[in-house]
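Secondary and tertiary structure notes
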Amino acid sequence: MIHPVGSGLARQCASPPGLDADGACLLDDFMSSSALRSFGHVVLWLAVSAFVVFAFVRWGPDSLSAYSSLLTVLLGLTPYQDRIKKFFAGRSIRSTQEQLDAAALQLRDQVTRQYRKEAGERHLVHAADVMAVPWEPVGRNGPDAAPTVAALIEDFAAAPRRLVVVGGPGSGKSAFCLMAANRLLEDPMNGGGRIPIVFELSAWRADAGKIPEFGRWLERRLSEEHRFLADPEYGTHTADSLLSESRLVVILDGLDELPTDLAKRVLKHLREDPAFHHDYILACRDPEIWAVLDGASLPGAAMVRLKPLAGDSAAAHIEACFADNADSLARWVHIGAAITEAANPALAETLTNPFMLSLAIDAYTSSSRNPAELLDIARFPDSAAIQRHLLDHAMRGAYGPRSDHGGRDRPKVDWDREAALGWHRNIARHLSSLGSTELSWWELNRHVPRRVLLLTPIIAGALACLPLGALIFWQFGKPGFGVLFGLAAGLCGGATVGSLPVEAPRRFSFKAIRPRELRRPGAMVRTSRYALVGVFVGGLLAGLLYSAAAGLFAALVFGAVFGAARLATSPTVPKEAVTPSTSMAADRRAVLLGAAMGAVAGVVVGGGIALTDSPRTHLILHLSTAGQGLLGAANGALLGGAGLGLMLYATSAWGNLTTVRWWLALHHWTPLRLMTFLDDARRVDIFRIAGPRYQYRHLLLQEHLAEEREEV
């Protein structure tokens, strides 16, 4: 939907003399932005921090005047903290229509890549792979009947509406949601130009014992899944504006996965929020939907029920899957006949379920066993017995010998079958305990005690900084002091870093190093923390080895570079479909590039100081001026690269995962090569991807694993 310039929330800016209208708008944005609310406060404390370093180096630790003066300044400023904040506080300006248009364009591009990737993983791209699932209208508001779900999706794309999709477990509701989203994205005019966004309702769960209001959760979820929406280029409250202005077609999947009270809150929101008076899709199991509705209704919403496959449609799908393999097709002939002729009611009931049919095909494709065993009524007297067998057989077949994988992708590692099944049981129980279907690899630290996550960077910092300090001060004849300095820096730095929250996966972009990035929520605080570490570490070390002026120079440069590195790891628009693997690779790349950035700054600072200043203590190495410059550059690169790299690593999702992997592996919860194991589960169709998260290919599989007991 395109909004005219100047409509809605567009602003008119008065131009001061000598400044055009665009310049006036930029000036007005800066003076009233959230960045300026904290700008003066942070600059003040950065200046004070630089003064601390300068005072320590210039007057020494024994000078009472330095500390008394500093204490006087700090105490004198404390009563004015609130006034300073109020002075710099400005009003929060929401996104203009032009900014929302730009954000919507980027959002459409990203979700198109993401949903196409997910559809490919679930074999929902080619028409030959999609089952002919029938459906029927429910109630008086139901749409006119179309032959299959595919035809229903075409009708929805042509004339979007409020649609409730119900069906039994495995009937294809989640596939319907994803296929509908992809169909709407094929043509920008589908859905009136609105962007389909799929929300997994199971993710709406308690957060520290408090469940957020549903509308607020939708906004937060949209912001978390598409973090580039927080870019100041698109204004503020972008996610909220996209929702409230009905620029999205919201697709809510898995209402039945919520407790009844939460599910009712969702329906209440759909009835009362004006943003949902247009188009949406809501998917829920049948008959759970009736318990949630509790005799009420959703005004203006049509309801459809997905039905089991017809026997001949199920048999036709089997033939299509093995059309190029006569030997494999021969193994399924009796199964197809039993389904079509209903000679085996239990088998026909099971294999006319879309999920169970696809599971059976996958399970026996990756196994040398004959699917004709399913015709044994003594072994499989009812549908429940067949379902349990197929779920168990699919899991065991996924981790069988490599020769058993048939046309299925092979795992990268030859995992022990029983160990892999045990790990999957642990993961499934973990997800079930959360009431969720999504596995976020960067949130697995919830299973690690907080003291472990705090102690790890302290120990790692001490072990890394101790030899570093000894090496640098050894060059000046003070190795003992270097050991103490490195140990103290490592312990203090590790404790500081360990107390910082671990962030979601990040990306690195030099384009993000710009003042307006400080308008992001919390960006000023996070950036100033990094800058302060650079100020103290760089300034103290340079000041102790060289002059006070050198310490001040190093403090300012390292402070600026450390802060800039933090800005460079702000969320940006991804260039590829977001998956668990790409999100972790981007986070790892952000850490390494940040470390390289610190090393380059260290070369400039260390080399410059060594060439222009004289050390307080002579070097034990007899070097020429050029040699001293090279040595200083090497020391600076080591200090800057290691310092900034360790800080980025310790606060990154990738770095945190190292601690998590070892802890969980030591307690036999998951393997040490955790991400390889998770990706292998995706390769063998046990997991599927949902953006940067993993899910079991169906809730039935997760429930089966969570309830299954280990064999003794």
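None of the values given here were measured: they were computed from a predicted structure.

**Points about the overall build of the protein**
In terms of regular secondary structure, the protein is built from 27 helices and nine strands. By residue count, 53% of the 712 residues in the protein fall in the buried class. When contacts within the protein are restricted to residue pairs at least 6 apart in sequence, those whose partners lie at least 24 apart make up 77%. Put simply, the protein shows about 31900 Å² of open surface, and 60% of that area lies on carbon and sulfur atoms.

**Thoughts on the sheet that holds strand β7 (residues 438–439)**
With antiparallel pairing, three strands are arranged side by side in an open sheet as β7-β9-β8. Two strands in the sheet have a free side with no partner beyond their single neighbour: β7 and β8 (687–690). Here four bridges tie β8 to strand β9 (residues 693–696), and the two strands are oriented antiparallel to one another. Considered in β9, the bridge of Arg688 is made with Gln695.

**Here's the deal with the pairing of strand β4 (residues 248–253)**
Counting buried residues along β4, six of its six residues qualify, which places the element largely inside the surrounding structure. Side chains Leu248, Val250 and Leu252 project from β4 onto one buried face, and the interleaved Val249, Ile251 and Asp253 project onto a second face that is buried too. Here strand β3 (residues 195–200) runs beside β4; their pairing, made up of six bridges, is parallel. By the bridge assignment for β4, Val198 is matched with Ile251. Of the pairings in the sheet, the one linking β4 to strand β5 (residues 280–285) comprises four bridges and is parallel in character. Note that in β5 the partner of Asp253 across the bridge is Ala283. With respect to chirality, the unit in which β4 leads through helix α10 (residues 260–272) into the neighbouring parallel β5 is right-handed.

**Section: the sheet that holds strand β6 (residues 302–306)**
Ordered in space as β1-β6-β2-β5-β4-β3, the six strands form an open sheet in which the pairing is mixed. With one partner strand each, in any of the chains shown, β1 (135–138) and β3 form the two edges of the open sheet. Across this sheet, the average inter-strand angle for adjacent strands is 20°, counted without regard to direction. Along the sheet, helix α5 (residues 97–121) makes contact with β3 and β4, crossing β3 at roughly 60°. Lying over the sheet, helix α8 (residues 214–225) contacts β3 and β4, oriented at roughly 110° with respect to β3.

**Some thoughts on the packing of aromatic side chains**
Applying the stated rule across the entire model yields 20 aromatic pairs. Taking 6.4 Å as the distance between ring centres and 40° as the angle between the ring planes, the aromatic pair formed by Trp204 and Trp217 counts as tilted. Highlighted residues: Trp204 in the loop between β3 and α8 and Trp217 in helix α8, separated in sequence by 13 residues. This pair shows no difference in class: Trp204 is buried, exactly as Trp217 is. One aromatic cluster is present, formed by Phe199, Trp204, Phe214 and Trp217 through successive ring pairs. One cation-aromatic arrangement involves Arg588 over Trp654; the distance from NZ or CZ to the ring centre is 6.0 Å.

**Some thoughts on the environment of Ala315**
Note on placement: Ala315 falls in helix α12 (residues 311–321). With relative accessibility at 9%, the residue Ala315 sits in the buried group. For the pair formed by Ala315 and Ile339, sequence separation is 24 residues and the distance between their alpha carbons is 6.9 Å. The contacts of Ala315, once residues within four sequence positions are left out, are Gly336 and Thr340.

**Some remarks on the pattern of salt bridges**
The full count for this structure, using the stated rule, is 28 salt bridges. The shortest N-O distance in the salt bridge between Asp286 and Arg305 comes to 2.7 Å. Placement of the pair is Asp286 in the loop between β5 and α11 (288–293) and Arg305 in strand β6, with a sequence separation of 19 residues. Judged by relative accessible area, Asp286 falls into the buried class, the value being 19%. What makes Arg305 partly exposed here is its relative accessible area of 21%. A salt bridge links Glu373 to Arg379; the shortest N-O distance between them is 3.2 Å. One connected set of salt bridges, linked through shared partners, spans Lys117, Glu121, Lys412, Asp679 and Arg682.

**A short note on the confidence of the model for the protein**
Of all residues in the protein, 81% have pLDDT values of 70 or greater, and the mean over the chain is 81. Across residues 1–45, confidence stays below pLDDT 50; counting only partners more than four residues off in sequence or on other chains, it has 65 contacts.

**Some words on α12**
Think of an α-helix as turning once every 3.6 residues; residues three or four places apart then point the same way. All of the buried residues in α12 are Gly311, Ala314, Ala315, His317 and Ile318. The buried residues of α12 occupy one face: seen down the axis, they fall within an arc of 155°. Taken together, the buried residues of α12 touch α13 (326–331), α14 (333–341), α15 (345–351) and α16 (354–365).

Scoring rules and cut-offs
- Residues numbered from 1 in each chain as written.
- Predicted model: local features only at pLDDT ≥ 70, side-chain atom pairs only at ≥ 80, totals over all residues.
- Heavy atoms only, no water.
- Helix = DSSP H or I, 4+ residues; strand = E, 2+ residues; numbered from the N terminus.
- Buried < 20%, exposed > 50% of the residue type's maximum accessible area, 1.4 Å probe, protein only.
- Contact = heavy atoms within 4.5 Å.
- Areas by Shrake-Rupley, 256 points an atom, 1.4 Å probe, with all protein chains shown as cover.
- Pairing = 2+ DSSP bridges.
- Right-handed = clockwise from strand over helix to strand, strands pointing away.
- Axes fitted to C-alpha atoms, helices over the stretch in contact; angles between N-to-C directions.
- Phe/Tyr/Trp six-rings, centres within 6.5 Å; stacked < 30°, edge-to-face > 60°.
- Lys NZ or Arg CZ within 6 Å of the ring centre and 35° of its normal.
- Salt bridge = Lys/Arg side-chain N within 4 Å of Asp/Glu carboxyl O.
- pLDDT = per-residue confidence, 0-100.
- Arc of directions from axis to C-beta.

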